[in-house]
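Chain and residue survey
So the chains spell out like this:
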Amino acid sequence: MSDASFPADADVAGIGPRMLQLRVQRGLTQTELAGDRFTRAYVSSLEGGKRTPSPAAATYFAVRLGTGLEDLCFGYPPGRRRALRAEAAEARVALSGGETEGASSVYETLAAEAERHGDRTLRALGRYGLGLVARHRGDPAAGGALFDEAYALLHDQALTERLPALMGRLWALFAAGSIDDALALVEEHLHEAVRACEPTAEFALLAACGLPHVERGDLRRAGNVADAALERAGDVSALDVLAQGYYHINRVLVAQGRYDEAEQTIVRATALYEQLRLRTEVGTCRFAHGFLTARRGRLAEAEGQLREARGILRGTGAVQRRINATAELADVVRKSGRPGEAAELVGECRSALAPSRQDPEQAAELDRIEARIAVDRGDAAAAEALFRSAIERYLEVGATLEAIGTCRLLGDQLLRRGRTEEAAAVYRRGLAALEGV
């Protein structure tokens, strides 16, 4: 923390009385506390509440009292505010490793203690952490509410301070299938980042902006924002922001077929998450790498990467992310000529989450994979029903590109069965969705 300013929501008026309390506890006189920079009378005026110190003066007295400026501003015991931040950072690592209960307890304690001290910043950190717990458990509704609360507590702070909660809000919208709302939110804040010249926030939001464009079928705009994000990466020092940004950019590059560049970004993201000791995020990157490898036609290699991802995510209890990895594994296994095993993997995905917590687009993807398994088995009726279900789900959430691809699959299936007019109608529906982008 800089000596040039107080932390947000600092109780500056309470600094003097806290100085008095700590001075008495340490057996110091006012003259001893004043040292050679201030007078006894000035210390007396502060302790009596007649004056308030500057940030520089408060920092000076905090050091002489054996505490920190931030503790002096809020009334925490010496070192406690810094310790709470450190505990939150370790809880993040523990949560990513699957220790949800322990992490939740830390974040609950943090939020409650911060509320008692009128510390909005740490209270927001606690609510954000609980949002991460909800996300890990696969509960976007609860997570979204907590991220919204954390963001509201920081509404008057710089965008970089609000960024983690904002990214959490974006995830919740995506998980609920509100792709257009997610895009509107990220573009609104991207304009703010540009105006405020905040490169970290600008990088993160440019990277996050690409995926909604991919979902809506606008690969050109998706590629443009991904390239713009990569140009700004050198200005970002926050490792977690860089890792998340590279992960998002990877997904855009894969959609564009820029596989070599996509490989570079996912390798970077994986290395950064390993450095940060975030195991669930490493597992998610392994999934993304397997997804990419499958698109390059290297099915045996992709299967190995996806099984590793599934094992990591099963071990950490990250339900939704495990479903993503398992669904992709099912598709790779199907392509490898093992439809029975693929069907079992789809069944595992469907039973992993209660319907109330299911990601709508995730459900559509499972329908599409299962439809292709039905095609391989020669069950045309089941395949048609599942393709149609997938199309409806994709269109409902605005996943235009996926809807178009599924219309093509269903149209081809109908055409092979001689149902030409119905196939044409399905193709036209896909074209209509494309024209709406």
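Structure report, in brief.

The rules behind these values
Residues numbered from 1 in each chain as written. Predicted model: local features only at pLDDT ≥ 70, side-chain atom pairs only at ≥ 80, totals over all residues. Heavy atoms only, no water. Helix = DSSP H or I, 4+ residues; strand = E, 2+ residues; numbered from the N terminus. Buried < 20%, exposed > 50% of the residue type's maximum accessible area, 1.4 Å probe, protein only. Contact = heavy atoms within 4.5 Å. Areas by Shrake-Rupley, 256 points an atom, 1.4 Å probe, with all protein chains shown as cover. Lys, Arg positive; Asp, Glu negative; His and termini not counted. Charge placed at Lys NZ, Arg CZ, Asp CG, Glu CD. Axes fitted to C-alpha atoms, helices over the stretch in contact; angles between N-to-C directions. Parallel < 35°, antiparallel > 145°, perpendicular 65-115°, else oblique. Left-handed = near helix turned anticlockwise from the far one by under 90°. Phe/Tyr/Trp six-rings, centres within 6.5 Å; stacked < 30°, edge-to-face > 60°. Expected span 1.5 Å × (residues − 1). Salt bridge = Lys/Arg side-chain N within 4 Å of Asp/Glu carboxyl O.

Along its length, the chain carries 23 helices and zero strands. If one aligns the C-alpha atoms of the chain with their principal axes, the spans along those axes are about 95 × 40 × 35 Å. Residues counted as buried form 52% of the 437 residues belonging to the chain. For the chain, long-range pairs separated by at least 24 residues make up 60% of all intrachain contacts whose partners lie at least 6 apart in sequence. Per element, the accessible surface of the chain, about 18800 Å² overall, is 50% carbon and sulfur. Taken as two groups, the 56 positive and 62 negative side-chain charges of the chain have centres that lie 2 Å from each other.

On to the packing of helix 17 (residues 299–316) against helix 18 (residues 319–335), then. Relative orientation of the contacting elements helix 17 and helix 18 amounts to 155 degrees, with a least axis distance of 9 Å. The pairing of helix 17 with helix 18 is recorded here as roughly antiparallel in orientation. Every pair of crossing elements has a handedness; the one defined by helix 17 and helix 18 is left-handed. Here helix 17 contributes Leu-299, Ala-302, Glu-303, Leu-306, Arg-307, Ala-309, Arg-310, Leu-313 and Arg-314 to the contact with helix 18, which in turn contributes Arg-321, Arg-322, Ala-325, Thr-326, Glu-328, Leu-329, Val-332, Val-333 and Lys-335.

So, about the side chain of Thr-293. Counting through the fold element by element, Thr-293 comes out in helix 16 (residues 279–295). Ignoring anything within four residues of it in the chain, the contact list for Thr-293 reads Arg-298, Glu-301, Ala-302 and Gln-305.

Further remarks concern unusual backbone geometry. Peptide bonds are mostly trans, and most non-glycine residues show a negative phi. Phi angles above zero are rare outside glycine, and Cys-197 is one such case at about 55 degrees. By secondary structure assignment, the location of Cys-197 is in the loop between helix 11 (179–196) and helix 12 (199–215). Phi is positive for Arg-277, close to 65 degrees, though the residue is something other than glycine. Looking at the element boundaries, Arg-277 is found in the loop between helix 15 (259–276) and helix 16.

Quick look at the packing of aromatic side chains now. By the definition in use, this model includes 10 aromatic pairs. Between Phe-38 and Phe-61 the ring centres are 5.0 Å apart and the planes differ by 40 degrees, which places this aromatic pair in the tilted class. Of this pair, Phe-38 sits in the loop between helix 2 (30–34) and helix 3 (40–47) while Phe-61 sits in helix 4 (residues 55–64), and the two are 23 residues apart along the sequence. Its relative accessible area of 22% is what places Phe-38 among the partly exposed residues. Look at Phe-61 and you get buried, because its relative accessible area is 0%.

Moving on, we get to helix 18. Between the first and last C-alpha of helix 18 there are 24 Å, a value that for 17 residues agrees with the 24 Å anticipated at 1.5 Å per step. Of all the 17 residues making up helix 18, 15 are buried; the element is thus mostly covered by neighbouring parts of the structure. Taken from the residues just after helix 18, Gly-337 is the one with a positive phi, measuring 90 degrees.

This brings us to the pattern of salt bridges. A side chain of one charge can pair with a side chain of the opposite charge if their charged atoms are brought near each other. In this structure the tally under the stated criterion is 48 salt bridges. We note a salt bridge from Arg-232 to Glu-202, for which the minimum N-O separation is 2.6 Å. With Arg-232 in helix 13 (residues 219–232) and Glu-202 in helix 12, the pair connects residues that are 30 residues apart, well separated along the chain. Judged by its relative accessible area of 14%, Glu-202 falls in the buried class. Glu-365 is the partner of Arg-368 in a salt bridge, and the nearest nitrogen-oxygen pair spans 2.8 Å. Taken together, the residues Arg-368 and Glu-365, both in helix 20 (residues 360–377) and three residues apart, mark about one turn of the helix. Classification of Glu-365 as partly exposed rests on a relative accessible area of 23%. Beyond isolated ion pairs, a larger network of salt bridges with shared partners links Glu-384, Arg-388, Arg-417, Arg-419 and Glu-422.

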